[in-house]
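Commentary on secondary and tertiary structure
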Amino acid sequence: MTAAEKIELKRKALMKYFSYLNERQQQAVFSVSGSVLVLAGAGSGKTTAIIGRIVNMVYFGDGYAKASPNMFEEDIRWLQKYVDGEVSLSDAQLRDILAESPIRPWNILAITFTNKAAGEMRVRLAEKLGEELAASIHASTFHSACVRILRRTIHLLGYERDFTIYDSDDAKRLMKLCIADSDVSEKQFPARSVLNEISRAKDQMISPEMMAENAQGDYRRMKIAKLYGIYQSRLRDSNALDFDDIIYLTVEMFRKFPEELEKYQNRFRYVLVDEYQDTNHAQYELISLLTRRDKNLCVVGDDDQSIYRFRGATIENILGFEQEFPDCRVIRLEQNYRSTQTILDAANEVIANNEGRKEKRLWTEAGAGDKITWYKSENEADEASHVVDAILEHIKNGGKFGDNAVLYRMNAQSNMMERTLVRSGIPYRIYGGTRFYDRKEIKDMIAYMSIVENPYDLVRFERIVNEPKRGIGDATISLLLDIAYDLHQSPLEVMENAEQYPVLSRKIPVLKQFAAMWNQLIAASEDMSMEDFLDFLLEQTGYRTAMMALGEEGTFRLENIEELKSSMQSYKEEAEEPSLGGFLEEVSLYTDVDRYEPDADTVMLMTIHSAKGLEFTNVHLIGMEQGIFPGMRSMDTQEELEEERRLAYVALTRARKKLYLHTAVYRKMYGMTMQNPPSQFLKEIDTSLMACIDSTVQEAEFPAEKQSPFGRTAVLQKQRAARKSTASAPAQEYHVGERVRHNVFGEGTVIAVTRMANDAMLEVAFDQVGTKKLMANFAKIKKLS
DNA sequence: TGTGCACCTGTTTTT
DNA sequence: CAGGTGCACA
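What counts as what
Residues numbered from 1 in each chain as written. Chains lettered and ligands numbered in written order. Predicted model: local features only at pLDDT ≥ 70, side-chain atom pairs only at ≥ 80, totals over all residues. Heavy atoms only, no water. Helix = DSSP H or I, 4+ residues; strand = E, 2+ residues; numbered from the N terminus. Buried < 20%, exposed > 50% of the residue type's maximum accessible area, 1.4 Å probe, protein only. Contact = heavy atoms within 4.5 Å. Areas by Shrake-Rupley, 256 points an atom, 1.4 Å probe, with all protein chains shown as cover. Lys, Arg positive; Asp, Glu negative; His and termini not counted. Charge placed at Lys NZ, Arg CZ, Asp CG, Glu CD. Near = heavy atom within 4 Å. Polar contact = N/O pair within 3.5 Å; in protein donor to acceptor, adjacent residues only side chain to side chain. Salt bridge = Lys/Arg side-chain N within 4 Å of Asp/Glu carboxyl O. Pairing = 2+ DSSP bridges. Axes fitted to C-alpha atoms, helices over the stretch in contact; angles between N-to-C directions. pLDDT = per-residue confidence, 0-100. Arc of directions from axis to C-beta. Expected span 1.5 Å × (residues − 1). Core = buried A, V, L, I, M, F, W, Y, C linked by side-chain atoms within 4.5 Å. Parallel < 35°, antiparallel > 145°, perpendicular 65-115°, else oblique. Nonpolar A, V, L, I, M, F, W, Y, C, P; charged D, E, K, R; others polar. Phe/Tyr/Trp six-rings, centres within 6.5 Å; stacked < 30°, edge-to-face > 60°. Lys NZ or Arg CZ within 6 Å of the ring centre and 35° of its normal. Disulfide = S-S within 2.5 Å. Left-handed = near helix turned anticlockwise from the far one by under 90°.

**A look at the overall build of chain A**
Secondary structure summary: chain A contains 34 helices and 22 strands in total. Dimensions of chain A, computed from C-alpha atoms along their principal axes, come out at roughly 95 × 90 × 60 Å. Each of the 785 residues in chain A was classed as buried or not, and the buried ones make up 54%. Relative to all contacts within chain A whose residues are 6 or more apart in sequence, the contacts with residues 24 or more apart total 74%. Surface accessibility of chain A: about 35,200 Å² in total, with carbon and sulfur atoms responsible for 49%. Side chains of chain A carry 100 positive and 119 negative charges; the gap between the two charge centres is 3 Å.

Given below as structure tokens:
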């Protein structure tokens, strides 16, 4: 056997090992060294390929590209048998024969955007590689990776190691304080938009000084640069970082301290970045610094799914990758394992209208499948009941609620949908909106715990110093904060020494009292479990008493705080060295998508943005109208329109089997009724892929229809459909004791009838599923006579 | 300092 | 329509 043949044999064995992947995915798996761009279309088995790639690196190293012909005769025979399928070899045996300097797992850095994605990656790696090997692979988000680096090195930039992380709400509070102390008004410079500009600047690695320089002559930008400067110095005073700082400061630290960079280059010799289309410039810079020396960088992404431009993601990172890394390999994953060809055709057709993209065309072996359904409704109520109809139809055919997702462009659109689902007794969950950790009471608790950990945290201090009310008002707070800023002291110190500051004289007792409580909390935090400390805090601060006084609402809030305790418990179970500080850090980097439970058998409601990366058997896309999707503000520029189109592409490709598109002729928005034409994206889909169900009333528009022999009935049917999409008996006909049948819940007995405006609420004891409340006009129920 | 009412202004949000 | 904000007044 020649050397070339031996190498070939090794490669065949590797291909056999990874035969669960298609050819393109295998290419990605075997491209271990150098720079690699994987363009992974929606549903193309991207994650499977990434996991495979890491497994290959850890088990076999660069054994595919750099295979040596050195093998024992014995091994050759075994390998030949393995390739021919005559024998199966264990992972260990194969590694023995095939590995060429396998990569040590701790030399691999795998970066994702969400905690969920990172967690999933760790789980899947553990399945393939075993706990031990998987644990030493550094798989985390940009932000947690950088936080870890900064905990070690941030003192080089003059921050303390135990810095606090501010979320956007904290940042906004801080910015408001900055604006209040400057010579501009919040009217001209809303905190939100100033922060946005600062955020974009940090994405570009622009410092306050640089911004001021660039802004010469531009009044607005000069003022913003000034605010940026104040904001940064106050962050530093509070020993706090905002989300953008986490990346910005890491890059800055690496730029200023090459010896630190080198340490991390030695540690992370192989870097993999998922969702590369969503990276911003600073993140690009970070990756570029880390991989500058060894050049082992693999990025995976889909330019067509770049939907976070408004948050600073630059699609140019992925589009320009080949220019930045001229020797890179480009691998396209276009075979889709999720959707039907019909859905893919529609998605391909829509996205093909974009100019700035890398050509890709998704295909599948799954077959054409059902046509896409376009429901034309009269208004949003009608639209919602069409969705409900489709869901109930699916249930009737043996499907599950959890197979269905309702996706929309704006959170506000969920309202009518939610009401209609409630009335129909369909279980659902809404994702997005107010996150658990965004609830006021939770943030208050976090704030109390934060100032115990870090008394310099001015923003969290400001948040709770008068919550519950203690007679420390805005005027006092702002005086106190000014002193703290000027003396670089913590508000705790200022309060303890309140008598030294004449301006505070009238408030000395309350301030001293607060300081005493604060110190008491600090002491307690040191010798109590986290949960006990939370209870203690709730008592000492008077928060519990204040909540009790609020009645029902307060009870609800206290329940949420109780739930925070269970977060603490699960944190303690998972963390290596649990601490209050660690818990606070985890909480600050945690988001609601992490709470997504695909197993719950409920209909999922969410924005298209939050649906990215998820898949559902049936997707109901509501509000496919000009002005909503694409949104009013996105229709002016080509770039924004293309982003909306990518969003449409994401939405369409979420569906496995069935896709329902919905339009309504009239839609109430912001309290007024709008009349929007169907979305241009809908029109970009070939009509042959769609079946249209029209329940609008259009007599005036089609006078010809009236004259045809069937016209009258057609119009009548439409009118009936428009009025009510389900044929149910009028409310007044239901009485207690009557037997009814529900499409989903089966038969049952009416046990209560509550009359309402022009409907009635029924309580029905169903034989199989127990008692349900239904609106007589909306639920699909029928009297059994 | 705390409250209530008139006014205004509305995308999307992985960390 | 609805939540957030600013301002006037107690």
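There is more to say, and it comes next.
**With respect to the protein's contact with DNA strand C**
In the vicinity of DNA strand C, the contacting residues are Lys172, Lys176, Glu186, Tyr670 and Gly671. Tyr670 places a main-chain nitrogen or oxygen 3.4 Å from a base nitrogen of DNA strand C.

**Focus on the pattern of salt bridges**
Enumeration over the complete set of coordinates arrives at 56 salt bridges. Note that Arg151 and Glu585 form a salt bridge whose closest N and O atoms lie 2.6 Å from each other. Here Arg151 is found in helix H8 (residues 142–153), whereas its partner Glu585 is found in helix H29 (residues 580–588), with 434 residues between them in sequence. Residue Arg151 is classed as partly exposed on the basis of its relative accessible area of 24%. The exposure class of Glu585 is partly exposed, given its relative accessible area of 22%. Two residues, Lys223 and Asp183, come together in a salt bridge whose shortest N-O distance is 3.1 Å.

**Remarks on the environment of Ala484**
The topology assignment puts Ala484 in helix H23 (residues 474–487). Distance from Ala484 to Glu322, taken between C-alpha atoms, is 51 Å for residues 162 residues apart in sequence. Excluding its chain neighbours within four sequence positions, the residues that come into contact with Ala484 are Leu458, Gln489, Pro491 and Val494.

**Quick notes on the sheet that holds strand E2 (residues 108–112)**
Pairing is parallel in the open sheet, where six strands are placed in the order E3-E2-E6-E7-E1-E8. On the outer flanks of this sheet lie strand E3 (138–141) and strand E8 (329–333), each paired with one strand and no other. Each neighbouring strand pair of the sheet contributes to a mean axis angle of 15°, computed without reference to strand direction. Inspection of the sheet shows strand E1 (residues 35–40) paired to E8 by five bridges, in the parallel sense. Across the sheet, Val38 pairs through a bridge with Ile331, a residue of E8. Contacting E2, E3 and strand E6 (270–273), H8 crosses the sheet at an angle of about 110° to E3.

**Focus: the confidence of the model for chain A**
When pLDDT is averaged along chain A, the result is 87; 91% of the residues meet or exceed 70. Low pLDDT, under 50, characterises residues 699–731; the predicted model gives this stretch 42 contacts beyond four residues in sequence or across chains.

**Brief notes about helix H20 (residues 414–424)**
What H20 keeps buried is the set Ser414, Met416, Met417, Thr420, Leu421 and Ser424. With its buried residues spanning 165° around the axis, H20 presents them on a single face. Immediately beyond the C-terminal end of H20, within one or two residues, lies Gly425, with a positive phi of roughly 70°.

**Some points on helix H19 (residues 380–396)**
Taking 1.5 Å per residue as the helical rise, H19 with its 17 residues ought to reach 24 Å, and the 24 Å between its terminal C-alpha atoms agrees with that figure. In the stretch just after H19, Gly398 is the one whose phi turns positive, near 95°.

**Things to note about unusual backbone geometry**
Omega for the peptide link from Glu467 to Pro468 comes to 0°, which places this bond in the cis form. Within the fold, Pro468 resides in the loop between helix H22 (458–464) and H23. Notably, Ser101 is not glycine yet its phi reads approximately 35°, a positive angle. Residue placement: Ser101 occurs in the loop between helix H5 (91–98) and E2. Judged by relative accessible area, which is 63%, Ser101 ranks as exposed. A positive phi is found at Lys295, a non-glycine position, where the angle reads about 60°. By the secondary structure assignment, Lys295 is in the loop between helix H15 (281–291) and strand E7 (297–301). Of the residues examined, Lys295 reaches a relative accessible area of 49% and is grouped as partly exposed.

**With respect to the nonpolar core**
Of all hydrophobic cores here, the largest spans 120 residues; its most connected members are Met175, Met445, Met449 and Met495. When near neighbours in sequence (up to four residues on either side) are disregarded, Met495 contacts Phe461, Val465, Ile472, Leu480, Leu511, Lys512, Phe514, Ala515 and Trp518. In terms of nonpolar packing, the next biggest core, distinct from the first, is built from 47 residues, Phe30, Met57, Met121 and Ile331 among them.

**Details of the side chain of Arg357**
As for its position among the elements, Arg357 is in the loop between helix H18 (341–351) and strand E9 (372–377). A distance of 2.8 Å separates polar atoms of two side chains, one belonging to Arg357 and the other to Asp304. Filtering out sequence-adjacent residues up to four positions away, Arg357 remains in contact with Asp303, Asp304, Leu319, Ile351 and Ala352.

**So, the packing of H18 against helix H31 (residues 638–652)**
Two numbers describe how H18 lies on H31: the axes approach to 9 Å, and their chain directions differ by 175°. When the axes of H18 and H31 are compared, the pair comes out roughly antiparallel. In contact with Ile343, Ala346, Ala347, Val350 and Ile351 of H18, H31 contributes Arg645, Arg646, Ala648, Tyr649 and Leu652. Considering only residue class, the contact of H18 with H31 consists of eight nonpolar, no polar and two charged.

**Details of the sheet that holds strand E12 (residues 603–607)**
Hydrogen bonds between backbone groups are what pair the strands of a sheet, and the pairing can be parallel or antiparallel. The parallel open sheet is built from seven strands, whose spatial order is E11-E12-E10-E13-E14-E9-E17. Each end of this open sheet is capped by a strand with a single partner; those strands are strand E11 (428–430) and strand E17 (690–694). Strand-to-strand, the axes of this sheet are offset by a mean angle of 20°, without reference to chain direction. Here H18 sits on the sheet and contacts E9 and strand E14 (655–664); the angle it forms with E14, its principal contact strand, is near 55°. Running at roughly 160° to E11, H20 makes contact with strand E10 (404–408), E11 and E12 of the sheet.

**Side note on the packing of aromatic side chains**
Tallying each qualifying case throughout the model produces 19 aromatic pairs. Ring-pair connections join several aromatic residues into one group, and the members of that group are Tyr17, Phe18, Tyr20, Phe30, Tyr59, Phe60 and Tyr64. The ring centre of Tyr64 lies 4.9 Å from the NZ or CZ of Arg11, which sits over that ring. The ring of Phe163 has Arg151 sitting right over it, with the charged end atom 4.0 Å from the ring centre.

**Things to note about the state of the cysteines**
Inspection of the entire model under this criterion finds zero disulfides. For the unlinked cysteine Cys328, the closest cysteine sulfur is that of Cys298, found at 10 Å. Relative accessible area serves as the criterion here: at 13%, Cys328 is assigned to the buried category.

**What to know about the environment of Ala611**
With respect to the element layout, Ala611 can be found in helix H30 (residues 608–611). Expressed as a C-alpha distance, the spacing of Ala611 and Leu652, which sit 41 residues apart in the sequence, is 11 Å.

**Points about the packing of helix H1 (residues 3–17) against helix H4 (residues 73–83)**
Running from N to C, H1 and H4 point in directions that differ by 45°, and their axes come no closer than 9 Å. With respect to each other, H1 and H4 are oriented oblique. Remark: the crossing between H1 and H4 carries left-handed chirality. Residues Lys6, Leu9, Lys10, Lys12, Ala13, Lys16 and Tyr17 of H1 form the contact with H4, whose participating residues are Ile76, Leu79, Gln80, Tyr82 and Val83. Across the contact of H1 with H4, the residue classes tally to seven nonpolar, one polar and four charged.

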